[in-house]
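What follows is each chain in one-letter form.
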Amino acid sequence: MAGRTAELLPQELRILAAVADSGGFSAAAAALGLTQSAVSHSVRGSEAKVGAVLFERGRAGATPTPAGERAVALARRILRMYEVLGAEVRGASRGAVEGVLRIAAFRSAALHLLPPALERLTARHPGIRPEIRVVREIGAGTAGEVAAGRADLGTTLGGSHDVAPGLLTGVLTQEAYRLVHPAGHPDPKGLPLMDWDENCGSYTRAWWRAQDWIPRATVKAEDDAMVLTMVGRGLGMAIMPELSLREAGEAVDITDLGPGGPVRQVGYVTTPESAATLAVRALIRELRSEKG
């Protein structure tokens, strides 16, 4: 009997997610069409069921506690499975794969890796409706969006050691870094190094440290597109991955860094429950396709 009393109902899960998303009980009530007292009562009931305080209440609103953050993430993921259940059952009755597919991607993957894969995916399965959000690969990154229940699949950089336990990862491709510099420059290695926060991960730091020609002082930019533009203007040189260099024009030259040059893995991350869905499985197949 104790196990049953601890179960949260779908409406209770929706209220937890709404409070976290809106930052307060009043805003959550307005979003859900409920009274504030009903939301407060539901949250208190949920806290009693799980045996933990889920939100810190204050004048500024409500903030999830560490227990609350975990509860809200799982609530979103459970509610997402309710949505997927309906879409997959309806699709199965017609022999189709359909429904919303939520994707979190870092910028160069969103620009160059996803479009051809999604083009093939939606051609095969017209009922799939992709929703893509660009997420910077710093901090929690795309894996954090998946863990929090805000995305079904994320594109990632690096390996499985960089994501939270309990998530599933896989490698999609491996790409080399290149030296990019102003076209025709006589001494590109003598230029300032341009970089952005997402560029140098744990998987390339050893190579960077071993290069005595890379200057310590760097010019920081917001993202890889800005770096590429500034290099084309003659303001510096950069070491960039192949996906980012697909936007390179005639203003820059690209030089190979040799067989010992750095490489990075581009992969995906998803949850065990999303990995079993037809839409996510179909997307992973397309991302792994050699045509991509």
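Residues numbered from 1 in each chain as written. Predicted model: local features only at pLDDT ≥ 70, side-chain atom pairs only at ≥ 80, totals over all residues. Heavy atoms only, no water.

This next bit is on the pattern of salt bridges. Under the defined criterion, the tally for this structure stands at 20 salt bridges. Glu286 serves as the salt-bridge partner of Arg120, at 2.9 Å between the closest nitrogen and oxygen. One end of the pair, Arg120, is in helix α6 (residues 107-124); the other, Glu286, is in helix α11 (residues 278-288), and 166 residues separate them in sequence. A residue is classified by how much of its surface remains accessible, and Glu286, at 9% relative accessible area, is buried. (Salt bridge = Lys/Arg side-chain N within 4 Å of Asp/Glu carboxyl O. Helix = DSSP H or I, 4+ residues; strand = E, 2+ residues; numbered from the N terminus. Buried < 20%, exposed > 50% of the residue type's maximum accessible area, 1.4 Å probe, protein only.)

It is worth spelling out a nonpolar patch on the surface at this point. Together, Leu74, Ile78 and Tyr82 line one region of the surface with nonpolar side chains, adding up to about 260 Å² of accessible area. When you line up the elements, Tyr82 lands in helix α5 (residues 66-94). (Patch = residues over 30% accessible without salt bridge, like charges linked within 9 Å, V, L, I, M, F, W, Y side chains within 5 Å. Areas by Shrake-Rupley, 256 points an atom, 1.4 Å probe, with all protein chains shown as cover.)

In contact at an axis separation of 9 Å, α6 and α11 are set at 130° when each is read in the N-to-C sense. Relative to α11, the element α6 lies oblique. You can see that α6 and α11 cross each other, and the crossing is right-handed. Across the interface between the two elements, Leu113, Leu114, Ala117, Leu118, Arg120, Leu121 and Arg124 from α6 touch Ala282, Leu283, Glu286 and Leu287 from α11. Of the residues assigned to the contact of α6 with α11, the class counts are eight nonpolar, no polar and three charged. (Axes fitted to C-alpha atoms, helices over the stretch in contact; angles between N-to-C directions. Parallel < 35°, antiparallel > 145°, perpendicular 65-115°, else oblique. Left-handed = near helix turned anticlockwise from the far one by under 90°. Contact = heavy atoms within 4.5 Å. Nonpolar A, V, L, I, M, F, W, Y, C, P; charged D, E, K, R; others polar.)

Okay, the pairing of strand β7 (residues 193-196) next. Regular strands place their side chains on alternate faces of the sheet. Burial along β7 is two-sided: the residues Leu193 and Asp195 and Met194 and Trp196 are all buried. Both β7 and strand β9 (residues 237-241) contribute to a ladder of two bridges, which runs parallel. Along β9, the bridge assignment pairs Leu193 with Met237. (Pairing = 2+ DSSP bridges.)

We now examine the nonpolar core. Grouped together as the largest cluster of nonpolar side chains are 25 residues, with contacts concentrated most on Leu101, Ile103, Leu121, Leu153, Leu283 and Leu287. Elements with a minimum of two residues in this core: β3 (99-105), α6, β5 (153-157), β11 (263-270) and α11. Ranked by residue count, the leading element in this core is α6, at seven residues. Apart from residues lying up to four places away in sequence, Leu283 is in contact with Leu101, Ile103, Leu118, Leu121 and Leu153. If you look at the next biggest cluster of nonpolar residues, it comprises 14 residues, including Leu16, Val19, Phe25 and Val39. (Core = buried A, V, L, I, M, F, W, Y, C linked by side-chain atoms within 4.5 Å.)

It is worth stressing that arrangement in space is one thing and function is another; only the former is reported here.
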